[in-house]
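Reading the structure
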Amino acid sequence: MVLQIKNIEIQNKLSTLISLLSSNNAYFNENLNLKFIDKEFSIYAKKGHANLKKYIEIPIDLLPCIDDYEFELEEEQIVCKVKNKSITLQNDIMMIMVDIYNLSHKVSFHKQSNLFYNLKNHLEFLKLLTHSRKNEKIDKCLELLKNRQYSKLLMETFLSSRTFSYKKDNNQNSKQLILPVLDFLNHKITKKGFKIDKYKSTIAVETDKVESSSQLYVCYNYYDSLETLIYYGFSDISSPVLFSIPMKIPLSNGITIEIENFGFRKFSDEDVSKVLLPIKNLIPKIEKIDNKKIVVSKLAIPNKYLPLALRHVIHLILHELQIDSSAEVRLPILQAIEKYIIEENIRYYENLNQKTISIINDTEVSSYIKNQLKTLISSNIMFLKKYGSWFNNHAK
C-alpha cells in the first residue's frame, strides 16, 4: 500500500501503523493507494490494477477492543487511557489510531455531521425521525441528550461508527473492535462486506469489481438512507431500498398486520425458491401470533431494480394468513396492503418535511446536517412516489 498524504505527521503515523500491522501478519496489497483528501481518508486501486484478488487482511487479535480503554474529549481531541496494560501490541495500535484521528481532526467533522448532537435542541423531531429505527443504540443516544451529556454522546457515537461487533463463538459476548486502516474504506451498499474468516481469525476485504484508479468501497451493512444518516452522518440515497416505518394495517377480516423494525431472516441461496432469490436478503420473519395478529419483523420498499420485492413479501404474509391463493381473491387484498404501506410512508416523510422549518432556521444546527436532512426527506418522498407510480401502472 502506497501512502499519498501531504500532511507529514499523518503520513508518519500511518507508515508506523501499517509497518506494525504488517510485521504481525497483516496483509496490504501493494497496488493500493491510501489518500487523505478534503479531511477524508480513502483507498484507491492503483492505475492499471483492477479486480485485485485480495485488498487487505488483518488478524482479528490485532484489533483493539474499546472496553480496554477509557476515552474522553478535550477540545475536540481524543484522550485515551489504557485499562489493560498487558496487551501492549493492541495498545500501541490503539494509540496510533487515536493520534491519526486527532491529527486529521476527525472529531471536529464528527461534531458537524452527527445527527444527535446537532439536533440536541430538537428532541421531539429527533424522536420522530428515529422512531422507525428504534434500538438500544438510539435509545442510549437519546438518553445522553436528555441528560445533556453532549461530550459523552460525541465520543460514543464517534467510536460506534468506527467499530464492528465480533464474537469468536456463541458462548462469548460480542466485543466492539476498532478497525485500523479498514476504517478508511467508505461505504457503498452494492459492494461486498468485510469477510470474517473464523478459521484463520482474520477480517479482510477481498475481490470485488473495481475500475483501475477508482476508489475501493465496502458495505458496512444493508442500510437505507435514514440508517446511514443516523449511524454514520450521511444520507446514502443510492441505497436500492427504503425500510418502512412501523405500522399496523387493519384487514377487513379483523386481523391486524404489524410491521416492526427487528431485521430480516438469513437465507442461503439453497433455502429459497428461484422467484425469491433476488430478494433473499429482504425476507422478514413473519409470525402469526394468534387469530387476530401477524407480525412482520421488517419491511423493505424497493426501487425500480427490485420492483416485485414488496409484492413477493406481501404474498408470503397472505400465505401465512391462509388467504385463498387465487388471483381474483388475493390480488385486491395485496394491492390494498401495498397501497396502504406506500401512503403511510409518504405521509410520514411529508410530516417530517413540515417539521424541518425550525431546524433550518436554527443556527446551532450545522449546514451539513441541514443539507443531509433536506436530501434525505426529499429523496425518500420521491423514492416512494416513484414506487407508487410503478404500483399504479402494475395494479392488475
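Definitions and limits used
- Going along each chain's sequence as written, the residues are numbered from 1 onward.
- Local features in this predicted model are restricted to residues of pLDDT 70 or higher, and side-chain atom pairs are both shown and tallied only at a pLDDT of 80 or more, whereas totals for entire chains, interfaces and linings draw on every residue.
- Note that water and hydrogens are dropped before the side-chain values are worked out from all heavy atoms of the structure.
- Between buried and exposed lies partly exposed: a residue is buried under 20% and exposed over 50% of the maximum accessible area for its type, with that area taken using a 1.4 Å probe on protein chains only.
- A run of H or I in DSSP counts as a helix once it spans at least four residues, and a run of E counts as a strand once it spans at least two, with each numbered from the N terminus.
- Strand pairing is assigned whenever DSSP identifies at least 2 bridges connecting the two strands.
- For this analysis, a salt bridge means a side-chain nitrogen from Lys or Arg found within 4 Å of a carboxyl oxygen belonging to Asp or Glu.
- Think of a nonpolar core as a cluster: buried Ala, Val, Leu, Ile, Met, Phe, Trp, Tyr and Cys residues, connected wherever their side-chain atoms sit within 4.5 Å.
- Pairs of residues are marked as contacts when any of their non-hydrogen atoms sit within 4.5 Å.
- Put plainly, a pocket is an open set of points on a 1 Å grid over the protein atoms alone with protein on both sides within 12 Å along at least five of seven lines, a cavity is a set where a 1.4 Å probe fits but cannot get out, and a lining residue has an atom within 4 Å of a point.
- Grid points are joined across faces, edges and corners, and a volume is the space filled by probe spheres set on the points.
- Each residue gets one label: Ala, Val, Leu, Ile, Met, Phe, Trp, Tyr, Cys and Pro are nonpolar, Asp, Glu, Lys and Arg are charged, and the others, such as Gly, are polar.

1. Things to note about the pairing of strand E5 (residues 54-59)
- Burial of E5 is extensive: five of the six residues sit out of reach of the surface.
- Pairing of strand E2 (residues 27-28) with E5, which is carried by two bridges, proceeds in the antiparallel orientation. The partner of Tyr27 across the bridge, within E5, is Glu57.
- Note that E5 and strand E12 (residues 202-206) share five bridges and pair antiparallel. In the sheet register, Ile58 faces E12, and the bridge partner there is Ile203.

2. Some words on the pairing of strand E18 (residues 293-296)
- Where strand E16 (residues 256-259) lies against E18, four bridges are found, and the strand directions are parallel. For Ile259, the partnering residue across the bridge sits in E18 and is Val296.
- The pairing of strand E17 (residues 286-288) with E18 spans three bridges and is classified as antiparallel. Counterpart to Lys288 in the pairing with E18 is Ile294.
- From the end of E17 to the start of E18, which pair antiparallel, there are four residues.

3. Re the pattern of salt bridges
- If you walk through the whole model with that rule in mind, you get 15 salt bridges.
- A salt bridge links Asp183 to Arg162, with the nearest nitrogen and oxygen atoms 3.7 Å apart. Of the two residues, Asp183 sits in the loop between strand E9 (175-178) and strand E10 (186-187) while Arg162 sits in the loop between helix H7 (150-160) and strand E8 (163-166), which places them 21 residues apart along the sequence.
- Judged by relative accessible area, which is 14%, Arg162 ranks as buried.
- One network of salt bridges, with partners in common, ties together Arg133, Asp224, Glu227 and Lys298.

4. Concerning the nonpolar core
- Among the nonpolar cores identified, the biggest contains 111 residues, and Ile43, Ile56, Ile58, Val181 and Ile341 are the most heavily contacted of them.
- Not counting chain neighbours up to four residues away, the residues in contact with Ile341 comprise Ser244, Met247, Ile249, Ile259, Leu299, Ile301, Leu310 and Ile314.
- Counting six residues, the second-largest nonpolar core is a separate cluster that includes Phe243, Ala300, Leu306 and Ala309.

5. Quick word on empty space enclosed by the protein
- The full count for this structure, using the stated rule, is three cavities of 30 Å³ or more.
- By volume, the largest cavity amounts to about 90 Å³.
- Lining the largest cavity we find 13 residues, and of these Asn114, Phe116, Thr157, Ile230 and Tyr231 sit closest to its centre.
- Broken down by secondary-structure element, the contributors of at least two residues to the lining of the largest cavity are helix H3 (106-113), helix H6 (136-146), H7 and helix H8 (225-232).
- In terms of residue count, the dominant contributor to the lining of the largest cavity is H8 (four residues).
- Across the lining of the largest cavity, the residue classes tally to six nonpolar, six polar and one charged.

On their own, these measurements won't tell you what the molecule is for.
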